[in-house]
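Reading the structure
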Amino acid sequence: MSEQPRQDGTDARGPGETEPQPGQQEPTDDPQAAEEGDSPQDPWAARLELIRHAPASFGGSLVGGSQTGVSGGNVAGDVIMGTKIEQHIRLGGSHHASGDVPASELEERARVFAGYEELVHPLLGRLREERVLVLSGAPFSGRHSAALMLLHAVKAVPVRALDPKTTPALLKDEVVGTSRGYLVSDLVTSRDNQLRDVDVWAVRDELEKKNAYLVVTVDLYAVLRGIRVVEWRPPSPEAVLRSQLHALVDDPPRERELLALPAAREFLAHKDHQLREAAVFAKALAGYVDGEAGHEELAAVSRGLLRKQVQEWFSDDQTQLRDKAFLLSLAAFDEAAYALTAELSDDLFTQFQRTEDAGSHSRVGIFGTSITKRLLLARAEEYPQKEHTEWGPVTQRMARFLEPRTAGEVLREVWTGHPSARPALIRWLERLAEDGRPLVRTRAAVTAAVLADADLPSAMALIIERWAGSKRYRTCLVAANTLAMAHAIGAPNIPGILRSWCDTDSGVRLRWTAIRVYGLIGAKMPQAALEALVDAARVADDEAEVGHIAESVALLLTDQSSAVRGQILHDLVQLLQGKAPADELVLRAFVLACTHTDDRLLLQWYAEAAAQGSTEDARLLAYLWRTALSDLRYTGDALKALGGWVRAADDDLQVEGQLAALLPALALTAEDRKRLSHMLRTLHDRHGEPLKVTTRLLNPMLGPGVNPPPVHELTNAEQGEMPHGGLPSRT
């Protein structure tokens, strides 16, 4: 029975329930009651959810598309976690708290500044007229350099840099001395300390007396009242790179050669680089000329810049705690709906508040956040996209990092670089794992997988083992998805963990989790997976566990992404040696694989193998079919699967052709022909009418001149009919 999420999208906790703390067992008064009404989700539906909801930046493209499992492709290293090369990069220029800006710095800025004619020159007239100019823009967009160039252009030198913490109302008192130019970089404002128009008018009066000028730069969060600001539009990173490189190399042919290097082309392909990063890369290219850097060092610069950016976000006090929570939430929900990311980031924010001040009540402001400002801070973008829901596709406002590697780098930085954040992050992930929305649960698993890749022992002890030992199958499934994704991205020792959990003394839920993981990733290690699943079947506690093991074997058989499915098929046939429980496991899994795939994967596989001359695959598939049909424990379900394909063939010529190729291979004996012809002639469509395709399928199966036996000649045993169409009990 497939698990159905609540339609209101909330989690399953009742009013007043609180989440369990890390390391504690889930509270329940009656262990038996905790399992009532809780059944594992259909494995094919669960696998589809994992494929559908995993982000491309975390390998989603390698578990989606034409593939149906998480074993296709290789996801490792930088794709998920960014680079592991250490780069010591110092970003940003000089920021003077107070004092004159050195003349040499002004000249250097003028020499390398990009976009003067297009960006600075048009503002000179306004600066000369108004004396005061307020530049507003995003962080690291070159506002500081632009302010210096404005003052340099109107010959307002020397330039005195004022303390950014100067109270706006007291700016007029700072315009003293012989300087003709004044600069305030990133003026600090607040609701109680706003920059007002009257403050600007007051300082303007003082500047006119001195024939001086003032440029103030502010960020996007500045609190202004009545101020007419200049929205600063920075030059492109490419323009800055070219300008800086020209100043450093001053050899146009050599500059063109450097810009044609693969590392330079890759750098310029990303349009989201900050200007300071372009300057750093220009210095690296200049170092390549001098032999100080090689191709590997150049390729590592971009990744080092990304790591430095992430470290800045979480290491300084300028990034507010709520913004840090948003960055983490976006890392977990990259390429998901912005509203969902923001909703869950506020939940994480409350968890952080609990850690910082356990005695206080968590508080989240309802309004006051800006999508534009948040995404600018996160170096992310918003875009529309259709999202599949149980009610059909809907268009959502999605959000993603501009640099796909950012998400993994953020998670790794917080998990390994800021251990004090772990308790809050763990509580948050536990809440996500219990959420009623499949996308949320999937992203909890993907996030935990990245943490496992960064620090496997901690992630196992604090998160994954707890989920895997839960009394709820839904939580165990999150653990299974976590381990599957962790293995896909290259986390170490996952096969050993799975094998140990299949042991008899590991616990029922740990064993169930390992069994489900084998179904997801077993195609990457087919022999080990089949051995572990057969061993688990030998020690299975009950019929239900045998069914779960068979489902995982069936998942392996229907994994289209597997390049070794022929080997898996061969190994399954080899297990048929007339011994329990291997025989039962193979046949049960085979029938499940035929019954639970809406796209008739095994029928398509047989038809393609037969048409392409892959006689071994076709022979083994037909052998499994004949064995299942002749075993009375599975005959009914095998006929039911065939019957479903026949009904589909009534309206689909392609399916009819595939069945026309398969049925003769199953009708080798008179008993086979009696059973199959009876099935074909007794099938009806949904209106109770005989199927039109019956005669067309009977003729090639029976051969020329062979008449089908009367229907009444078959006994129930010969027909293999099951009273309820379900799988038989073990004997």
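Basis of the calculations
Residues numbered from 1 in each chain as written. Predicted model: local features only at pLDDT ≥ 70, side-chain atom pairs only at ≥ 80, totals over all residues. Heavy atoms only, no water. Phe/Tyr/Trp six-rings, centres within 6.5 Å; stacked < 30°, edge-to-face > 60°. Helix = DSSP H or I, 4+ residues; strand = E, 2+ residues; numbered from the N terminus. Buried < 20%, exposed > 50% of the residue type's maximum accessible area, 1.4 Å probe, protein only. Lys NZ or Arg CZ within 6 Å of the ring centre and 35° of its normal. Core = buried A, V, L, I, M, F, W, Y, C linked by side-chain atoms within 4.5 Å. Contact = heavy atoms within 4.5 Å. pLDDT = per-residue confidence, 0-100.

Details of the packing of aromatic side chains
One pass over the structure, following the stated rule, counts six aromatic pairs. Judged by centre distance (5.9 Å) and plane angle (55 degrees), the rings of Phe326 and Tyr338 are tilted. Pair noted here: Phe326 is in helix H15 (residues 321-332) and Tyr338 is in helix H16 (residues 338-356), with a separation of 12 residues, a long-range link. Taken individually, Phe326 and Tyr338 each receive the classification buried, so the pair is uniform in this respect. Centre to centre, the rings of Trp625 and Trp645 are 5.5 Å apart; their planes meet at 75 degrees, and the pair counts as edge-to-face. With a gap of 20 residues between them, Trp625 in helix H30 (residues 615-630) and Trp645 in helix H31 (residues 635-649) connect regions that are remote in the sequence. A single burial state applies to Trp625 and to Trp645, both of which are buried. Among the aromatic side chains, those forming a connected cluster through ring pairs are Phe590, Trp625 and Trp645. Over the face of the ring belonging to Trp605 we find Arg565, whose NZ or CZ atom lies 4.3 Å from the ring centre.

A look at the nonpolar core
Where a protein is soluble and globular, its nonpolar side chains tend to be buried together. Formed by 153 residues in total, the largest nonpolar core has its most connected members in Phe333, Leu602, Trp625, Leu642 and Leu659. Per-element tally for this core: the top contributor is helix H20 (residues 438-454), with 10 residues. Among residues more than four places away in sequence, those in contact with Trp625 are Phe590, Cys594, Ala638, Ala641, Leu642, Trp645, Leu662 and Leu666. By size, the runner-up hydrophobic cluster in this structure holds 25 residues, among which are Leu127, Leu133, Ala147 and Leu150.

Considerations on helix H29 (residues 601-611)
Among the residues making up H29, those that are buried are Leu601, Leu602, Leu603, Trp605, Tyr606, Ala607 and Ala609. At its buried positions, H29 is contacted by helix H26 (543-557), helix H27 (565-575), helix H28 (582-595), H30, H31 and helix H32 (653-666). One or two steps after H29, the chain reaches Gly613, where phi turns positive at roughly 80 degrees.

Description of the confidence of the model for the protein
Per-residue confidence for the protein gives a mean pLDDT of 81; residues scoring 70 or more make up 83%. For the protein, per-element mean pLDDT is lowest for helix H3 (residues 78-81), which scores 34, and highest for helix H21 (residues 456-468), which scores 97. In this model, residues 1-36 is a region of pLDDT below 50 whose contacts with residues beyond four sequence positions or in other chains number 63 contacts. Low confidence marks residues 72-96, where pLDDT is under 50. Its contacts with residues over four positions away, or in another chain, come to 71 contacts.

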